[in-house]
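Coordinate inspection notes
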Amino acid sequence: MDFKPESGDITEVYTLQKNFLCGERINRAQERLRRFPAWVSHVFFFGISVATFYYLLCKWSPSFSSSSDDVRGLCPQYDSITPEGAEGTWDTIGSLTWRNESITLLSEAIKIKTESWDDEDEVGKDERWDVFYRFSEYLKNAFPLVHSTLDLTRVNTHGLLYTWEGSDKSKKPIMLMAHQDTVPVNMATLDQWDYPPWSGHYDGTYVWGRGASDCKTLLISELQAVTLLIKQGFTPRRTIILSFGFDEETGGPRGAGKIGEYLLEKYGEDSIEIIVDEGATGVGEFFGQTFALPAAGEKGYVDVNITLSTQGGHSSVPPVHTGIGIISRIVTTLEANPHIPDLTPTNPYYTMLKCGAEHSPDFPPKLRTLVKKADTCPHAKKQLEREIVKTQPRATEMLFTTSQAIDIIGGGVKVNALPELTFVVVDHRIRPGSTPEDIMEHVASLIDPIAQEFSLDVEAFGISRNHSTSEEWGGALKLTAIKPLNPAPVSPPNDAWAKLSGTIRHVYENDEYPKVIVAPAIMTGNTDTRHMWPLSKSIYRFSPSHASSTSSGIPDGIHTVNERSSVDDLVRAAYFIHSLIKNFD
């Protein structure tokens, strides 16, 4: 169609042409829109409506207005519970006599090298387990009243299961846990220790040595508390179980694993009122407020072993990328694609943030606002995740993110020989809401394009993908999952939690700490409780001590040089165990 303007003005000509062309485009767009099915427009406008609804809810909801500082009710607290007949107990436990006895008991326990090793064979086949005979003999001599009053069952030879039968069989038992073993000491670090690792040296404040805090302090405290109860004439109505594994540092399959099987057969599922084991955190400051943080859950776990087999040969005629080069590409790809933070409502750290928002005077205002909104506003939850990652230490991010650590790598045997076997092991600690299967899928999806590029045949967690051709075989890549473990079930805020909270407040509130807030936490590592999940819905990990942590968030000295335990904590731990037993009776 020709279009001729009446005016000769070039600007007018341009304007009229532009309007004509725009009108044509609009007509064509309207025609295409008429051809769309009706449901497309309905879906489109429904999506817009939902998005608008959530935006308005986040922006204008009165309960979550950013202008309001009211965070009451986010984290209810339970009253302190004083045990029946507690008069005089602290006078005994807090005395100089008790203190000196505690120092000796812990020091002598540390002197026995109860190390456990990843490569140990079964009990009875590997003589390295024999040291636990000596340790159990030490406990028998150090705590004669426990051994004459409680029933001792040896599970798989070195697992120690003490049972103090209660008079009321209608009450579920309680179980207190600890482990006898320690991680080994790296002999190359001996000169870095202030005091020898098996000396049990007391410097006036701390008892030093491997196992001092992980976890012989807790084990000794539990036996001390039971001893005192026996001396006081206490007879339990509720059965009390003490469970001491001997291979927790290697996953606990021979110790707590066998004990858990024994107890499940004896008592059945959900048969124990509460289980308390070691934790990573105790009592410490959280944004200007004293907090106690029993862990109500643990992250999951899976190691991924990546093994690459490639053609060998002389190094003078190498391929463009050797097996080590290909593995290096895999490592850099994994590290360039970390797991995304995801703070799910079931994560105990989410509840801990709510407690901080309500009770901590120095809690960052922006975080407080976002915590308050996050329950009803998905956008605010994402903002909260980003703000924590941006402003808090990396250890905090790991509380709601699946971690990934390249821990072991190897390959090649000689400088002039091409590597035929190369491998890497990647450690993962899995956030609540995810699974080992998610991790496997993530790793496989990142590695498969690399396998295609280098014509590698892949066996990824039992599924084969062949990328080689008849003309070219680049190698064989195998991905294997080691020790997959789902995140632990999260223990609910039930009656057991209320009694645990009340006991903690009774033990730790004093002139120095007039108010202690008890909030659930999450363990980034795993404890022997992994073997006890069927036995109880109320499983907590708590170190009855004052937190003294490094920047990693791990208590100072654990699994490294200069491990030590404060004698004040040792004494207070016994008081906590004593009070806990009485409050649950």
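Residues numbered from 1 in each chain as written. Predicted model: local features only at pLDDT ≥ 70, side-chain atom pairs only at ≥ 80, totals over all residues. Heavy atoms only, no water.

**Some remarks on the overall build of the chain**
Check the secondary structure of the chain and you find 16 helices and 19 strands. Considering only contacts within the chain whose residues lie at least 6 apart along the sequence, 78% involve residues at least 24 apart. Accessible area for the chain stands at about 28300 Å²; split by element, carbon and sulfur atoms hold 53% of it. (Helix = DSSP H or I, 4+ residues; strand = E, 2+ residues; numbered from the N terminus. Contact = heavy atoms within 4.5 Å. Areas by Shrake-Rupley, 256 points an atom, 1.4 Å probe, with all protein chains shown as cover.)

**As for the pattern of salt bridges**
Counted under the stated rule, the structure contains 23 salt bridges. Of the charged contacts, one joins Lys-381 and Glu-385 as a salt bridge, the two residues approaching to 2.7 Å between their closest N and O atoms. One end of the pair, Lys-381, and the other, Glu-385, are both in helix α12 (residues 378-391), four residues apart, so they sit about a helical turn from each other. (Salt bridge = Lys/Arg side-chain N within 4 Å of Asp/Glu carboxyl O.)

**Digging into the side chain of Thr-182**
Looking at where Thr-182 falls in the secondary structure, it is placed in the loop between β3 (174-179) and β4 (206-208). Classification of Thr-182 as buried rests on a relative accessible area of 2%. The residues touching Thr-182, leaving out its near neighbours within four places in the chain, are Thr-114, Glu-115, Ser-116, Arg-210, Gly-211, Asp-214, Lys-216 and Glu-249. (Buried < 20%, exposed > 50% of the residue type's maximum accessible area, 1.4 Å probe, protein only.)

**So, the pairing of strand β8 (residues 289-292)**
Each regular strand shows side chains that alternate between the opposite faces of the sheet. Where burial is concerned, the two faces of β8 agree: the one with Gln-289 and Phe-291 and the one with Thr-290 and Ala-292 are both buried. In the sheet, strand β7 (residues 283-286) pairs with β8 via four bridges, with the strands oriented antiparallel. Each bridged residue has a counterpart across the sheet, and for Gly-284 the counterpart in β8 is Phe-291. A loop of two residues connects β7 with β8, the two strands running antiparallel in sequence, and Phe-287 in this loop sits at a positive phi of about 55°. Relative to strand β16 (residues 517-518), β8 runs parallel, the two being bridged by two bridges. Paired with Phe-291 across the two strands is Ile-517, which belongs to β16. (Pairing = 2+ DSSP bridges.)

**Brief notes about unusual backbone geometry**
A cis amide bond, omega 0°, links Asp-214 with the succeeding residue Cys-215. Mapped onto the elements, Cys-215 comes out in helix α7 (residues 212-231). The backbone phi angle of Asp-270 is positive, close to 50°, even though this residue is not glycine. On the basis of relative accessible area, Asp-270 is assigned to the partly exposed category, the value being 28%.

**Thoughts on the pairing of strand β1 (residues 151-155)**
For β1 and strand β2 (residues 159-164), the ladder comprises five bridges, and the chain directions are antiparallel. Following the sheet pairing, Val-155 is matched in β2 by Gly-159. Hairpin connection of β1 to β2: three residues between the antiparallel strands, including Asn-156 at a positive phi of 55°.

**Quick word on the sheet that holds β16**
The strand order across the open sheet formed by three strands is β7-β8-β16, and the pairing between neighbours is mixed. Edge positions in the open sheet fall to β7 and β16, since each of these has one partner strand only. The strands touched by helix α10 (residues 348-359) within the sheet are β7, β8 and β16, with β8 carrying the most contacts at an inclination of about 155°. (Axes fitted to C-alpha atoms, helices over the stretch in contact; angles between N-to-C directions.)

**Some points on the packing of helix α4 (residues 96-110) against helix α5 (residues 131-142)**
In the contact formed by α4 and α5, the axes pass within 10 Å of each other and the chain directions differ by 165°. By the criterion of interaxial angle, the relationship of α4 to α5 is roughly antiparallel. Viewed along their axes, α4 and α5 form a crossing whose handedness is right-handed. Seen from α4, the contacting residues are Thr-104, Leu-105, Glu-108 and Ala-109; seen from α5, they are Phe-135, Tyr-138 and Ala-142. Broken down by class, the residue content of the contact of α4 with α5 amounts to five nonpolar, one polar and one charged. (Parallel < 35°, antiparallel > 145°, perpendicular 65-115°, else oblique. Left-handed = near helix turned anticlockwise from the far one by under 90°. Nonpolar A, V, L, I, M, F, W, Y, C, P; charged D, E, K, R; others polar.)

**Digging into the packing of helix α11 (residues 365-374) against α12**
In a packed pair of helices, the relevant descriptors are the angle between the two axes and the axis-to-axis distance. α12 packs onto α11 with a crossing angle of 145° between their chain directions and a minimal axis gap of 8 Å. Seen along the crossing, α11 lies across α12 with a hand that is left-handed. Only Ala-380, Lys-381, Gln-383, Leu-384, Glu-387 and Ile-388 of α12 make contact with α11, whose side of the interface consists of Lys-366, Leu-367, Leu-370, Val-371, Lys-373 and Ala-374. Class assignment of the residues belonging to the contact of α11 with α12 gives a composition of seven nonpolar, one polar and four charged.

**Considering the confidence of the model for the chain**
Low pLDDT marks regions whose predicted coordinates should not be analysed in detail. Within the chain, residue pLDDT values average 89, and 86% of them lie at 70 or more. This model gives residues 1-11 a pLDDT under 50, and the stretch forms six contacts once residues within four places in sequence are excluded. In this model, residues 549-554 is a region of pLDDT below 50 whose contacts with residues beyond four sequence positions or in other chains number seven contacts. (pLDDT = per-residue confidence, 0-100.)

**Notes on the environment of Trp-533**
Inspection of the secondary structure assignment puts Trp-533 in the loop between β17 (521-523) and β18 (539-541). Separated by 264 residues in the primary sequence, Trp-533 and Glu-269 place their C-alpha atoms 8.9 Å from one another. Sequence-distant contacts of Trp-533, defined by excluding residues within four places in its chain, comprise Leu-485, Asn-486, Pro-487, Ala-488, Pro-489, Ile-539 and Arg-541. Among the polar contacts made by the side chain of Trp-533, one reaches the main-chain carbonyl oxygen of Thr-529 at a distance of 3.3 Å. (Polar contact = N/O pair within 3.5 Å; in protein donor to acceptor, adjacent residues only side chain to side chain.)

**Some remarks on the packing of aromatic side chains**
For the coordinates displayed, the defined rule picks out 16 aromatic pairs. Taken together, the aromatic side chains of Phe-286, Phe-287, Phe-291 and Phe-363 make up a single cluster linked through ring pairs. The ring of Trp-198 carries the charged tip of Lys-113 above its face, separated from the ring centre by 4.1 Å. (Phe/Tyr/Trp six-rings, centres within 6.5 Å; stacked < 30°, edge-to-face > 60°. Lys NZ or Arg CZ within 6 Å of the ring centre and 35° of its normal.)

**Topic: the sheet that holds strand β15 (residues 475-485)**
What the six strands build is an open sheet, ordered β11-β12-β10-β15-β13-β14; its pairing is mixed. Edge positions in the sheet fall to β11 (403-411) and β14 (463-466), since each of these pairs with one other strand and no more. Averaged over all neighbouring strand pairs, the angle between strand axes comes to 15°, with direction disregarded. Bridging between strand β10 (residues 300-309) and strand β12 (residues 421-430) involves ten bridges; their strand directions are antiparallel.

**Concerning the state of the cysteines**
The final tally for this structure, using the stated rule, is one disulfide. At a sulfur-sulfur separation of 2.0 Å, the disulfide partner of Cys-75 is Cys-355. Handedness here is read from the sign of the S-S torsion; for Cys-75 and Cys-355, about 80°, the answer is right-handed. Residue Cys-75 is found in the loop between α2 (38-60) and α3 (89-93), and its partner Cys-355 is found in helix α10; the two are separated by 280 residues along the sequence. The exposure class assigned to Cys-75 is buried, which follows from its relative accessible area of 5%. (Disulfide = S-S within 2.5 Å.)

**Overview of the environment of Phe-461**
With respect to the secondary-structure elements, Phe-461 resides in the loop between β13 (456-460) and β14. Among the residues examined, Phe-461 registers a relative accessible area of 22% and is labelled partly exposed. The spacing of Phe-461 and Thr-480 is 19 residues in sequence and 5.3 Å in space, taken between C-alpha atoms. Not counting chain neighbours up to four residues away, the residues in contact with Phe-461 comprise Val-304, Met-440, Ala-444, Leu-479, Thr-480 and Ala-481.

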